[in-house]
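Secondary and tertiary structure notes
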Amino acid sequence: MAVALAVFIVLSIYEPVTICGIELRAISMLDRLTKAPEPTLEEIAEVTRLEEEAKKKAEKPRYDLSKPQTFLFVGDSMLEGLYPRLAAYAKENGHKVYAVIWYSSTSEIWGETMKLKEYIEQFKPTYIFICLGANELFVKDIKEKRDKFVKNMISQIGDLPYLWIGPPNWKPDTGINELINENTPDGYFFLSNGMKFDRKRDGAHPTQKSSILWMDSILRWMPDSCANPIVNMKIPTEKTARAERVVVLQPKR
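These remarks concern the structure in this document. (Residues numbered from 1 in each chain as written. Predicted model: local features only at pLDDT ≥ 70, side-chain atom pairs only at ≥ 80, totals over all residues. Heavy atoms only, no water.)

With respect to the sheet that holds strand β8 (residues 245-249)
Pairing between the strands of a sheet comes from backbone hydrogen bonds, and it takes one of two forms, parallel or antiparallel. Read across the sheet, six strands follow the order β7-β6-β5-β3-β4-β8 without closing on themselves; strand pairing throughout is parallel. Taken across any chain shown, the strands that pair with only one partner, and hence form the sheet edges, are β7 (189-190) and β8. In this sheet, β7 lies alongside strand β6 (residues 162-165) in parallel orientation, the contact comprising two bridges. Looking across to β7, one finds that Ile165 is bridged to Phe190. The sheet contacts of helix α4 (residues 79-93) involve β3 (70-75), β4 (96-102), β5 (127-131) and β8, and relative to β4 the element is tilted by about 175°. (Pairing = 2+ DSSP bridges. Helix = DSSP H or I, 4+ residues; strand = E, 2+ residues; numbered from the N terminus. Contact = heavy atoms within 4.5 Å. Axes fitted to C-alpha atoms, helices over the stretch in contact; angles between N-to-C directions.)

This is the structure in structure tokens:
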């Protein structure tokens, strides 16, 4: 019997052979000899647990935006109408707002300095809002001229969550909205172009009432479309409110 078994094993290792009408296949025999044991229920449960933990970790938000936030809102004169409404939301929901209005500013004026980083270090915000581009609607070859400045501004923000609010176009632009959109990840840019605004006498700036609706539209857009939506932004009872501090910078000459 021992000899017969040995012959059987040796033959089954090589090409299939037939003995007495029985075909010996190497694969089936080797499978029998090398087949791994079936996992136990405990092992399956442990693998499932580890997979679920990895999935939850991957889905964990990068920022905890359920806590009270400190907003830094920077940009051009469009902030005059926007920041008081954001401040009203902040007051209603336990946040803080610091605003920096640089009149007649552009991405070039901001981007050739390190002022954004300086204000981030000064006010220590947890979230950045930018509204910039209205003074660049008609710049020719804007991508070539302003790309490095937009990139520099974004680099100064670092790892903080932010939202760049596009200008409220009153005429078609030469590419500023597209430039900003191309330099920001999905959900970091709000396109204002295409919205309807009631304007002040200059034909450019939205009225205070229209700016309130503008800010409301941005915050309604955030939950489903913003990459980093702020959790607590209940509609305020007051139309506007004061910011913690407003810094005003005069036009660069």
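Some thoughts on the nonpolar core
In this structure, Phe73, Tyr127, Phe129, Ile165 and Trp214 are the most contacted members of the largest nonpolar core, which totals 34 residues. Going through the elements one at a time, β3, α4, β4, β5, β6 and α9 (208-225) are the ones with two or more residues in this core. Among the elements that make up this core, the one with the highest residue count is α4 (eight residues). Excluding anything up to four places from it in sequence, Phe129 contacts Phe71, Leu72, Phe73, Val74, Leu86, Leu163, Ile165, Met215 and Ile230. (Core = buried A, V, L, I, M, F, W, Y, C linked by side-chain atoms within 4.5 Å. Buried < 20%, exposed > 50% of the residue type's maximum accessible area, 1.4 Å probe, protein only.)

What about the environment of Met233?
With respect to the helices and strands, the residue Met233 is situated in the loop between α9 and β8. The sequence separation of Met233 and Ala88 amounts to 145 residues, and the corresponding C-alpha distance is 9.9 Å. Excluding residues within four positions of it along the chain, Met233 makes contact with Phe71, Leu86, Tyr89, Asn93, His95 and Leu219.

Comments concerning the packing of helix α6 (residues 115-123) against helix α7 (residues 142-157)
In a pair of packed helices, the angle between the axes and the distance between the axes together describe the arrangement. The interhelical angle for the contact between α6 and α7, taken along N-to-C directions, is 15°, at an axis separation of 8 Å. One element, α6, and the other, α7, form an angle in the roughly parallel class. In terms of crossing hand, the pair formed by α6 and α7 is right-handed. Contacts from Lys115, Leu116, Lys117 and Ile120 of α6 reach α7 at Met153, Gln156 and Ile157. Split into classes, the residues belonging to the contact of α6 with α7 amount to four nonpolar, one polar and two charged. (Parallel < 35°, antiparallel > 145°, perpendicular 65-115°, else oblique. Left-handed = near helix turned anticlockwise from the far one by under 90°. Nonpolar A, V, L, I, M, F, W, Y, C, P; charged D, E, K, R; others polar.)

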